[in-house]
Amino acid sequence: MTEPLSPNSTSSHAAHVGAPSMRIVRDQPFAGLESVIEENKTLAPLTWYRIGGPARYFATPVDEAQLQDVAQRCSDFGIASYVLGFGANLLVGDQGVDGCVVRLAGDHWQSVEIDEKTGVVTVGAGVDVQKLVIRAARAGLSGLECMAGIPGTVGGAVRMNAGGRFGDFGSRVLTVKVMDTAGTVFTRTRDDLVFGYRTTNISARYILGATLQLEPDDPDDIAKRTRDIWMYKRNSQPPMSAHCAGCIFKNPPDASAGMLIDRAGLKGLRVGNTEVSTIHANFIVAHPGATCADVLKLVNIIKERVYDKFQVTLESEVKVWP
Ligand code: EPU
């Protein structure tokens, strides 16, 4: 692991931690935050892939003030920070992450306020998108049906502009509250937000929450549309219980990555304990014992074979840590 603080550095937290010597300051960057910091936390169980080594630090701040403290200490001590949602679009390296993984779980981050009159929904970053889809439908608010069957938190859905052929999360976003690595909080508004295909122009490290604009509609109609989209996915993709991270590649312009991989004859191809799904070729499924290195090897083989056959370069859409 890299030293978080060089012996000659000064830290604004030296006073905060009340450290009697530089050695203690260096070794305990999160002194006083022990209740929300774990060390050497195994990340695999926290990801959909069930793959990956430990995080040097794992932080679960309970509110914005505590997140600010964590963020500032990461900055001060030169500790790289990462934000984990449900780990549904994430591949953690076998060696783990030499930094601080932050997870925004708990009541503060999971608040949902629905204004049924205006259709404005205010959500915390840790809200489960699937639960939100159901709550919005029950409240007679339409616009999130396209998210049916896409696992993730609001923070992850904003960051990645999660979605699929039926629409994306970003199209519903009015504002996004964020915090940068210095701990400064600000709000991005619709007029300066750009949501592209699995991308946004949000550069701040931490997404704290968002407001969404939904449209009033008949709850039964919304529920039916949600069910239909969910069924489409259920019939064309590996089950939610499969260990994978959704589609592994972005669709190239005017083409389907899944169709290209399928037509290249790669369904069922294995590297170690990872396999190109036999149901939908744009999914790599991990069987017990699979490693991140295996998945990445398979990704490269797929890219090569698809390029050889169709001269199309596939681009991965899954985040890889570190
Ligand atoms: N196809 C094949 N073989 C396959 C897979 C697909 O021939 O193995 C064909 C299908 O028959 C269809 C076409 O390819 O004609 C497109 O397939 P699909 O309808 O499954 O849509 P997709 O473009 O592969 C996209 C998103 C999914 C999302 C679905 C449904 C991407 C890369 N994928 O899939 O998102 O669930 O639409 O909304 O944008 C994800 O991003 O993680 C993801 C899974």
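Above this text you will find the structure in question.
As the structure is a prediction and not an experimental result, all values here were calculated from the model.

Asker: With reference to specific residues and values, describe the overall build of the chain.
Answerer: Broken down by element type, the chain carries eight helices and 20 strands. Over its C-alpha trace the chain gives a radius of gyration of 21 Å, about what one expects of a compact globule, namely 20 Å for 322 residues. If one aligns the C-alpha atoms of the chain with their principal axes, the spans along those axes are about 65 × 55 × 30 Å. When the 322 residues of the chain are sorted by exposure, 48% land in the buried category. The long-range share in the chain, meaning contacts at least 24 apart out of those at least 6 apart in sequence, stands at 65%. In the chain, which carries 33 positive and 35 negative side-chain charges, the distance between the mean positions of the two groups comes to 5 Å.

Asker: Give me the environment of Glu-116: which residues, what numbers.
Answerer: Structurally, Glu-116 is set in the loop between strand 6 (112–115) and strand 7 (120–124). On a C-alpha basis, the gap between Glu-116 and Lys-319 in space is 35 Å, while along the polypeptide they are 203 residues apart. Dropping the residues within four chain positions of it, Glu-116 is found in contact with Ala-139 and Leu-141.

Asker: Lay out the sheet that holds strand 19 (residues 284–286) with the relevant residues and their values.
Answerer: The strand order across the open sheet formed by three strands is 17-18-19, and the pairing between neighbours is antiparallel. Strands at the two margins of the open sheet, each flanked by one partner only, are strand 17 (270–271) and strand 19. Here strand 17 pairs with strand 18 (residues 274–276) via two bridges, running antiparallel. Looking across to strand 18, one finds that Arg-270 is bridged to Glu-275.

Asker: Before we move on, could you go through the packing of aromatic side chains and cite the residues and values that matter?
Answerer: In total, this model carries three aromatic pairs according to the counting rule given. Aromatic pair Phe-166 and Tyr-232: ring centres 5.3 Å apart, planes at 85°, arrangement edge-to-face. Pair noted here: Phe-166 is in the loop between strand 9 (163–164) and strand 10 (167–168) and Tyr-232 is in helix 6 (residues 219–236), with a separation of 66 residues, a long-range link. Overall, the relative accessible area of 40% leaves Phe-166 in the partly exposed class.

Asker: Help me get a handle on the pattern of salt bridges, residues and values and all.
Answerer: The full count for this structure, using the stated rule, is 12 salt bridges. Taking the shortest distance from any N to any O, the salt bridge between Asp-69 and Arg-73 comes out at 3.0 Å. One end of the pair is Asp-69 and the other is Arg-73, both in helix 3 (residues 64–76) and four residues apart, which spans about a single turn. Judged on exposure class, the residue Asp-69 and its partner Arg-73 are both buried. A salt bridge links Glu-315 to Lys-250, with the shortest nitrogen-to-oxygen separation between them at 3.4 Å. Pair noted here: Glu-315 is in the loop between helix 8 (292–310) and strand 20 (319–321) and Lys-250 is in the loop between helix 6 and helix 7 (257–263), with a separation of 65 residues, a long-range link. The exposure class of Lys-250 is buried, given its relative accessible area of 15%.

Asker: Which residues make up the sheet that holds strand 12 (residues 185–189), and what values go with them?
Answerer: Taken together, five strands build an open sheet; the order of strands is 6-7-15-11-12 and the sheet is antiparallel. The two strands at the open ends of the sheet, each matched to only one other strand, are strand 6 and strand 12. Going across the sheet, the axis of each strand differs from the next one's by a mean of 15°, ignoring polarity. Lying over the sheet, helix 3 contacts strand 11 (173–179), strand 12 and strand 15 (206–213), oriented at roughly 55° with respect to strand 11.

Quick notes on the rules
Counting of residues starts from 1 at the beginning of each chain's written sequence and follows it residue by residue. In keeping with the predicted nature of the model, local features appear solely for residues at pLDDT of at least 70, side-chain atom pairs appear and are counted solely at 80 or more, and the whole-chain, interface and lining totals rest on all residues. Hydrogens are left out, water is left out, and the side-chain values use all remaining heavy atoms of the structure. Helix numbering and strand numbering both begin at the N terminus, where a helix is a DSSP run of H or I of at least 4 residues and a strand a DSSP run of E of at least 2. Our radius of gyration looks at C-alpha atoms and nothing else; its globule reference is 2.2 Å times the residue count to the power 0.38. Burial status follows relative accessibility: with a 1.4 Å probe on protein chains alone, a residue under 20% of its type maximum counts as buried, one over 50% as exposed, and anything between as partly exposed. In this description, contact between two residues means that some pair of their heavy atoms is separated by no more than 4.5 Å. Under the counting rule used here, the positive set is Lys and Arg, the negative set is Asp and Glu, and His together with the chain ends is not counted. By convention, charge coordinates are those of NZ in Lys, CZ in Arg, CG in Asp, or CD in Glu. Note on pairing: DSSP must find at least two bridges between two strands before they are called paired. Between rings of Phe, Tyr and Trp, where Trp is taken as its six-membered ring, a pair exists when centres lie within 6.5 Å; planes separated by under 30 degrees are stacked, by over 60 edge-to-face, and by other angles tilted. Criterion for a salt bridge: a side-chain nitrogen of Lys or Arg within 4 Å of a carboxyl oxygen of Asp or Glu. Every axis in this analysis is a line fitted to C-alpha atoms, fitted for helices over the stretch in contact. Angles between the N-to-C directions lie between 0 and 180 degrees.

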